2 protein chains.
Amino acid sequence: MTRLVVVGGDAAGMSGASQARRRRGPDALEIVAFERGHFTSYSACGIPYWIGGVVEDRDELIARAPETFRDDYAIDVHLRHEVVGIDPVGRTLRVRDLEAGGERDEPYDELLVATGAVPYRPDLPGIDGAGIHGVQTLDDGQRVLDDLASGCSQAVVVGAGYIGLEMAEAMVQRGIHVHLVDRGTYPMKLALDADMGAMVAREVEALGVQLHLGTSVLGFDLDADGRVESVATEDGDLHATVVILGIGNAPNVALARDAGLEVGAAGGMVTDRRMHTPTDGVWAAGDCAEVFHRVSRRSMAIALGTIANKQGRVAGINLGGGYATFPGVVGTSVTKVCGTEVARTGLGAEEACDVGFEVVTETVRSTTRAGYYPGAKELTMKVVAEKRTGRLLGAQIVGEEGAAKRIDVFATALWNEMTVDDLLNVDLSYAPPFSPVWDPVLIAARKSWQAVEDDLRVNP
Amino acid sequence: MTRLVVVGGDAAGMSGASQARRRRGPDALEIVAFERGHFTSYSACGIPYWIGGVVEDRDELIARAPETFRDDYAIDVHLRHEVVGIDPVGRTLRVRDLEAGGERDEPYDELLVATGAVPYRPDLPGIDGAGIHGVQTLDDGQRVLDDLASGCSQAVVVGAGYIGLEMAEAMVQRGIHVHLVDRGTYPMKLALDADMGAMVAREVEALGVQLHLGTSVLGFDLDADGRVESVATEDGDLHATVVILGIGNAPNVALARDAGLEVGAAGGMVTDRRMHTPTDGVWAAGDCAEVFHRVSRRSMAIALGTIANKQGRVAGINLGGGYATFPGVVGTSVTKVCGTEVARTGLGAEEACDVGFEVVTETVRSTTRAGYYPGAKELTMKVVAEKRTGRLLGAQIVGEEGAAKRIDVFATALWNEMTVDDLLNVDLSYAPPFSPVWDPVLIAARKSWQAVEDDLRVNP
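Residues numbered from 1 in each chain as written. Chains lettered and ligands numbered in written order. Predicted model: local features only at pLDDT ≥ 70, side-chain atom pairs only at ≥ 80, totals over all residues. Heavy atoms only, no water.

Things to note about the overall build of chain A
Okay, so step 1: Along chain A, the regular secondary structure elements total twelve helices and 25 strands.
Okay, so step 2: Rg of the C-alpha trace for chain A: 23 Å, near the compact-globule value of 23 Å for 460 residues, within the 12% margin.
Okay, so step 3: With respect to the three principal axes, the spread of C-alpha positions in chain A is 70 × 55 × 40 Å.
Okay, so step 4: Within chain A, buried positions represent 60% of all 460 residues. (Helix = DSSP H or I, 4+ residues; strand = E, 2+ residues; numbered from the N terminus. Rg over C-alpha atoms; globule rule 2.2 N^0.38 Å. Buried < 20%, exposed > 50% of the residue type's maximum accessible area, 1.4 Å probe, protein only.)

Shown next, in the form of structure tokens:
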């Protein structure tokens, strides 16, 4: 009987394990999963909402408990077990029992590495002080909540990306004064162009968050107990008893690297389309694996639950004897800062130029419903298109309720390498409660095509 | 100087006129438009919301007044002028002045026919009674409102399609008891399969509308003044002082037919991709023209503002000396009945079989946001896919707020002839306030692909 071992019990690992089980019965395949934390298959993306009190109970974030995997899928899940070594030649793992103590060897025939990502912790003075948190796991979330419960009137969030913004809002909702510090000149600079980012900055400030842009963190001052009491920044010292690190994360590949498994230029494990690594019997999926970006044609590291689930599914189908491939991503993401929705897909203007495209951009303002229909909300859309061909390269949306999900049309258009000229005619749904007669997506495509034509006239 | 004459001053006609003007200055092109009604460029789709009181002022529905066209676009708009004849050989029109009376001839070099659609009026006893209304123009809407204002406690709506449902809700909102009569066994039968239509029926009844399905209207009883007082149906007589005809509409081609212009099998004017008819110098756009359905590969007549605007744009670009084509539709539409959103695109299961596909269908229930996120609403999605290939053929959605606009992803996928296998991996946006980790669209695609594979195993 084949023995499949899964390292990491969250989205990618458990999706893979379940899919493999769906295709192969317990007599043909033994499945064992090791997870160093206390939980399986939870929504890491939901942690800021739990901390903010929007989601009341931690358990709501758990999609499937270990018992479900054991009883319904015959998957033997071991929580609080950390895999500390892989021997890909002998096909064994070294596993540490974090509760009982001690280590043991576990054999495998097929191995699925799904170790996720780790938050960046910059090498600054005081970084290991108590009260300084990454937000990656439910355990992290619980530690933040414990700290907040023991009294916190002012917090510092380092990094104005998705997690930084979501955590800033979460703490504002708990009545905490929040300083948000970022080296960049505008928030979400990995996701948005500067003009769109400036709109987000205004919303964040309206929320009451004190923004320190273009500001580096220099270090952390700790009290006698080793607890953070202030954050030293280029903008002065900021008092804080809780610090959130939201400066991004990297694929968690320490284990893979130690085992000699291939790690790519983007920092993640390298796989083929079926999620198999170059090492026999070793597969990888989720945040620890690189993904192919279909527009830039580069490999990237993106930590996102929806990608992890898809990759886990693909790995699991293949591990179960089926055939499936993961076709890559177009770089879609979305978030919400208070009432403001922010979404993007594809490449920003600069990113597009970086990979060799020449571009035209067009920004339009429109509404989520017919202008005369009650509840019509404003939105701004920016489209990046290739010069001359008009190929859609990317889109960004900042707006109120009903704005952001429209990014999915751009994502689907990018997936199919559509031109804005083709996109502008797509038969999107229209009725006054849902859209102006020209949906904003179509307006943006139409004006982008106009810009491509105008550019062609000037630069034939 | 070329003289462009436009017949019909609504979406298609005025879009065409404006586009032509954008490309050619007033010295190169004279543009004249004749409109038999009192208004230009208004949102016919907004009429039910005006009647229901959701939109307060009729003028909110008017996108551009005649003065705007005159002053900003140098388009000479003549309201209350009806074109009663076309001589395509002599390139002249016969125009009747509905206010001053009298007729005159008007020459043209290029003619854009944008005469819209006319509501079906079944040939039943009493059909011409006062109080029996189609809802197509602002003038129609005003007449309905006038009738309601003079006292109406009970109304009958004939036809449970988009307009019928929207008008039923509008009148319920005004405190009127509404009977909705339809020959079909479920509402929206041109848009939905029976299982999805049954969900809509439940919502309509929950709204307080009395549904008479599988019921034909036999005639209308009029009082001594020629005013409707009851509707005779197979389900008995229904008292009503206002009757709304919502049984669909047909391209308004009487003028075209009289002039010997080509009318197709679907009842609309025939055009090429540039919206030019087979007759020299004559173009057509909007509800009066047929459209090519990209999935069924058949020509159809669809009355929808968003299509009219797109076709008008294409005609206008070509009339202005540019080059643009209208690539067809995939049959997308959307509406809302109280809190229930309904959308569809592509082909229903039966429609697909009618044009020769063999299909698998799959229906999934999911939520608009992560299940644990506040405000997550239920939705049901049905996907129709081709057997064996898994090509997406259509999708239907019934659900609460945030459900329906997801149809646009299916529409874009259909446009690109995607398979559900390809669609299930598309990089749609995910964050807990916006979607479960697998967006419902992806779940529906994934399960459909599973159904295709299962079917292939049984019927290889």
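Looking at the packing of helix α10 (residues 407-415) of chain A against helix α10 (residues 407-415) of chain B
Two numbers describe a pair of packed helices, the interaxial angle and the distance between the axes.
Okay, so step 1: In the contact formed by α10(A) and α10(B), the axes pass within 9 Å of each other and the chain directions differ by 20°. One way to sum up the angle between α10(A) and α10(B) is to call them roughly parallel. At the point where α10(A) passes α10(B), the crossing takes the right-handed sense. Residues A:Asp408, A:Val409, A:Thr412 and A:Ala413 of α10(A) pack against B:Asp408, B:Val409, B:Thr412 and B:Ala413 of α10(B).
Okay, so step 2: Residues belonging to the contact of α10(A) with α10(B) are distributed by class as follows: four nonpolar, two polar and two charged. (Axes fitted to C-alpha atoms, helices over the stretch in contact; angles between N-to-C directions. Parallel < 35°, antiparallel > 145°, perpendicular 65-115°, else oblique. Left-handed = near helix turned anticlockwise from the far one by under 90°. Contact = heavy atoms within 4.5 Å. Nonpolar A, V, L, I, M, F, W, Y, C, P; charged D, E, K, R; others polar.)

Focus on the sheet that holds strand β4 (residues 81-87) of chain A
All names here are of chain A.
Okay, so step 1: Reading across the sheet, the three strands line up as β4-β5-β6 and stay open at both edges, with antiparallel pairing between neighbours. Here the strands that pair on one side only, and so sit at the sheet edges, are β4 and β6 (103-107). Geometrically, the sheet is characterised by an average inter-axis angle of 30° between neighbouring strands, direction not taken into account.
Okay, so step 2: Alignment of β4 against strand β5 (residues 92-97), held across six bridges, turns out to be antiparallel. When the sheet's bridge partners are listed, Gly85 is paired in β5 with Arg94. (Pairing = 2+ DSSP bridges.)

Observations concerning the relation of the copies chain A and chain B
Okay, so step 1: Once chain A is rotated about the relating axis by 180° and shifted along it by 0.0 Å, it coincides with chain B to within an RMSD of 0.0 Å. Classification of the inter-copy transformation places it as that of a two-fold axis. No C-alpha of chain A approaches the rotation axis more nearly than that of A:Val409, which lies at 2.7 Å.
Okay, so step 2: Residue by residue, 100% of the interface of chain A is reproduced at the interface of chain B, so both copies engage with the same surface. (Least-squares fit on C-alpha atoms with pLDDT ≥ 70 in both.)

Examining the pattern of salt bridges
Residue and element names in this part refer to chain A.
Okay, so step 1: Overall, the coordinates contain 48 salt bridges over all chains when judged by the stated rule.
Okay, so step 2: Note that Glu103 is salt-bridged to Arg94, the shortest N-O span being 2.9 Å.
Okay, so step 3: A relative accessible area of 35% places Glu103 in the partly exposed class.
Okay, so step 4: For Arg94, a relative accessible area of 32% gives the class partly exposed. (Salt bridge = Lys/Arg side-chain N within 4 Å of Asp/Glu carboxyl O.)

Re the environment of B:Ser216
Residues and elements named next belong to chain B.
Okay, so step 1: In this structure, Ser216 sits in the loop between β12 (210-212) and β13 (217-222).
Okay, so step 2: Between the C-alpha atom of Ser216 and that of Ala232, which follows or precedes it by 16 residues, the distance is 8.9 Å.
Okay, so step 3: In this structure Ser216 touches Arg183, Thr233 and Glu234, once residues within four positions along its chain are discounted.

Examining the packing of aromatic side chains
Residues and elements named next belong to chain A.
Okay, so step 1: The full count for this structure, using the stated rule, is six aromatic pairs over all chains.
Okay, so step 2: Seen from their ring centres, Phe69 and Tyr73 are 6.1 Å apart, and the 45° between their planes marks the pair as tilted. Of the two residues, Phe69 and Tyr73 both sit in helix α3 (residues 66-73), four residues apart, roughly one turn of that helix. With respect to burial, Phe69 and Tyr73 carry one shared label: buried. (Phe/Tyr/Trp six-rings, centres within 6.5 Å; stacked < 30°, edge-to-face > 60°.)

A word on α10(A)
Since one α-helical turn is 3.6 residues long, residues separated by three or four positions face the same way.
All names here are of chain A.
Okay, so step 1: With respect to burial, α10 is a largely interior element, nine of its nine residues being buried.
Okay, so step 2: Residues of α10 that are buried include every one of Ile407, Asp408, Val409, Phe410, Ala411, Thr412, Ala413, Leu414 and Trp415, and no others.
Okay, so step 3: Looking at the residues trailing α10, positive phi occurs at Glu417, about 55°.

A closer look at the state of the cysteines
Okay, so step 1: In total, this model carries zero disulfides over all chains according to the counting rule given.
Okay, so step 2: For A:Cys45, which is in no disulfide, the shortest distance to another cysteine sulfur is to A:Cys288 and amounts to 16 Å. (Disulfide = S-S within 2.5 Å.)

As for the domain arrangement of chain A
How big an interface is tends to be stated in terms of accessible area lost as the parts join.
All names here are of chain A.
Okay, so step 1: Taken domain by domain, chain A holds domain 1 (2-118 + 250-319), domain 2 (121-247) and domain 3 (333-454).
Okay, so step 2: If you average the C-alpha positions of domain 1 and of domain 3, the two centres end up 35 Å apart.
Okay, so step 3: Opposite the six residues of domain 1 that make contact, domain 3 presents ten residues.
Okay, so step 4: Approximately 760 Å² of surface area, both sides summed, lies buried where domain 1 meets domain 3, with 56% of it carried by carbon and sulfur atoms.
Okay, so step 5: For domain 1, the biggest contributors to the area lost against domain 3 are Arg294, Val295 and Arg298; these three give 63% of the whole.
Okay, so step 6: There are one residue pair in polar contact (both at pLDDT 80 or more) connecting domain 1 and domain 3.
Okay, so step 7: In the side of domain 1 that touches domain 3, the residues fall into two nonpolar, two polar and two charged. (Domains from an automatic or database assignment. Buried area = accessible area lost by both parts, 1.4 Å probe. Polar contact = N/O pair within 3.5 Å; in protein donor to acceptor, adjacent residues only side chain to side chain.)

A few points about unusual backbone geometry
Residue and element names in this part refer to chain A.
Okay, so step 1: Phi angles above zero are rare outside glycine, and Arg91 is one such case at about 50°.
Okay, so step 2: Within the secondary structure layout, Arg91 lies in the loop between β4 and β5.
Okay, so step 3: Positive phi, normally seen in glycine, also occurs at Cys338, with a value near 55°.
Okay, so step 4: Relative to the helices and strands, Cys338 is located in the loop between β21 (333-337) and β22 (340-346).
Okay, so step 5: On the basis of relative accessibility, which here comes to 35%, the residue Cys338 falls in the partly exposed class.

Digging into the environment of B:Gly260
Okay, so step 1: Tracing the backbone shows B:Gly260 in the loop between α7 (254-258) and β18 (282-284).
Okay, so step 2: As for B:Gly260 and B:Val54, which are separated by 206 residues in sequence, their C-alpha atoms are 43 Å apart.

Here we look at the packing of helix α1 (residues 11-23) of chain A against helix α8 (residues 305-319) of chain A
Residue and element names in this part refer to chain A.
Okay, so step 1: The interhelical angle for the contact between α1 and α8, taken along N-to-C directions, is 30°, at an axis separation of 7 Å. Relative to α8, α1 is oriented roughly parallel. Two packed elements cross with a definite hand, and for α1 against α8 that hand is right-handed. Here Ala11, Ala12, Ser15, Gly16, Gln19, Ala20 and Arg23 of α1 lie close against α8, whose contacting residues are Gly305, Ala308, Asn309, Gly312, Arg313, Gly316, Ile317 and Leu319.
Okay, so step 2: Of the residues belonging to the contact of α1 with α8, the class tally is six nonpolar, seven polar and two charged.

Re the interface of chain A and chain B
Okay, so step 1: Listed as interface residues are 65 residues of chain A and, on the opposing side, 66 residues of chain B.
Okay, so step 2: Across the chain A to chain B interface the summed buried area is about 5600 Å²; carbon plus sulfur atoms make up 60%.
Okay, so step 3: For the chain A face of the interface with chain B, the top three residues by lost area are A:Tyr372, A:Asp427 and A:Phe434, together amounting to 14%.
Okay, so step 4: One can count six salt bridges joining chain A with chain B.

Considerations on the side chain of A:Arg313
Okay, so step 1: As for its placement among the helices and strands, A:Arg313 is situated in helix α8.
Okay, so step 2: Buried and unpaired, A:Arg313 has B:Asp421 as its nearest opposite-charge partner, separated by 5.0 Å.
Okay, so step 3: For A:Arg313, the residues in contact, after removing those within four places along its chain, are A:Ser15, A:Gly16, A:Gln19, B:Leu424, B:Trp438, B:Arg446 and B:Trp449. (Lys, Arg positive; Asp, Glu negative; His and termini not counted.)

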